[in-house]
Amino acid sequence: MTDLPAGRFITLEGGEGAGKSTQIARLKDKLERLGHAVVATREPGGAPGAEMVRKLLVEGPAERWDGTTEALLHFAARRDHLRSTVWPALKRGAWVISDRFADSTIAYQGYGYGVDRRMLDKLYGIAVGDFRPDLTLILDLPVETGLGRAAARRGSETRYESLAVDFHGRVRAGFLEIATADPGRCIVIDATRDIEAVAAAIAAAVRVRLGA
Ligand SMILES: Nc1ncnc2c1ncn2[C@@H]1O[C@H](COP(=O)(O)OP(=O)(O)O)[C@@H](O)[C@H]1O
Ligand SMILES: [Mg+2]
């Protein structure tokens, strides 16, 4: 999407309870104070059609879908999210912050369930093309800490949380490998610290990488 102007696309990634939602609210406020128009969005979802697909993915029993079916559903939702929300906002010059994006599909369906990476990369090409986040912040913390935080939060969207701890361990390792392989795009943030310290680390990363 080389014809897109000034807007920037930032994604937050990491396991359940890492603090993504908490930190996105902070980062949105911060960027707005700097004068940017900001759209905070999330995956799966972030557009009416994609939110319908989200319900299929985050509710119900863990064994509802196999990894490949899940990957297809995530990329279908992702394409709708991009076309309906992300690309139009970037075109207007807004900064878009997404709570999860394609790295979550690589980490959960790829590293977690063992779906073939080449297939996921092919689906990325079909659904997303050569568009990439300008910056990806990977919030990293031990699985048990994240699941403990997530359990304290109420809700019906527990399908992924209900998967085994070793699954979440593979997801965490997957995110770290993604970051190592793509250091120009990704920064790992130590998410074990308190909310203010994590927010400061994120603000510093955005300033260094994107000049904001
Ligand atoms: N740095 C932190 N330290 C302690 N608790 C946190 C921290 N960040 C978030 N939390 C709390 O942990 C829970 C999960 O945070 P949340 O932002 O919803 O995570 P995520 O969106 O990554 O699943 C929330 O109750 C939140 O208030
Ligand atoms: Mg969240």
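Parameters and conventions
Residues numbered from 1 in each chain as written. Chains lettered and ligands numbered in written order. Predicted model: local features only at pLDDT ≥ 70, side-chain atom pairs only at ≥ 80, totals over all residues. Heavy atoms only, no water. Near = heavy atom within 4 Å. Polar contact = N/O pair within 3.5 Å; in protein donor to acceptor, adjacent residues only side chain to side chain. Areas by Shrake-Rupley, 256 points an atom, 1.4 Å probe, with all protein chains shown as cover. Salt bridge = Lys/Arg side-chain N within 4 Å of Asp/Glu carboxyl O. Helix = DSSP H or I, 4+ residues; strand = E, 2+ residues; numbered from the N terminus. Buried < 20%, exposed > 50% of the residue type's maximum accessible area, 1.4 Å probe, protein only.

A. Structural view of the site of ligand 1. Taken together, the neighbourhood of ligand 1 is formed by 13 residues, with Lys-20, Ser-21, Thr-22, Arg-153 and Arg-193 sitting nearest. Between ligand 1 and Ser-21, the relevant distance is 2.8 Å, taken from an oxygen atom to a side-chain nitrogen or oxygen of the residue. Between Ile-195 and ligand 1, the recorded distance is 3.4 Å, taken from a backbone N or O atom to a nitrogen atom. The protein chains hide 75% of the 560 Å² of surface that ligand 1 would expose on its own.

B. Molecular detail of the pattern of salt bridges. Applying the stated criterion across every chain yields a total of 14 salt bridges. With its nearest N and O atoms 2.7 Å apart, the salt bridge here joins Arg-185 to Asp-103. Of this pair, Arg-185 sits in the loop between α7 (165–181) and β5 (186–190) while Asp-103 is found in helix α4 (residues 102–112), placing the two residues 82 residues apart along the sequence. Take Arg-185 and Asp-103: they sit in the same class, and that class is buried. A salt bridge links Arg-172 to Asp-140; the shortest N-O distance between them is 2.8 Å. Residue Arg-172 is found in helix α7, and its partner Asp-140 is found in strand β4 (residues 135–140); the two are separated by 32 residues along the sequence.

C. Region of the structure containing the environment of Asp-194. Turning to its location among the elements, Asp-194 is positioned in the loop between β5 and α8 (195–210). The spacing of Asp-194 and Gly-19 is 175 residues in sequence and 9.9 Å in space, taken between C-alpha atoms. In terms of polar contacts, Asp-194 uses its side chain to reach the backbone amide nitrogen of Glu-196, at 3.1 Å. Reaching out from Asp-194, the side chain makes a polar contact with the backbone nitrogen of Ala-197 at a distance of 2.9 Å.

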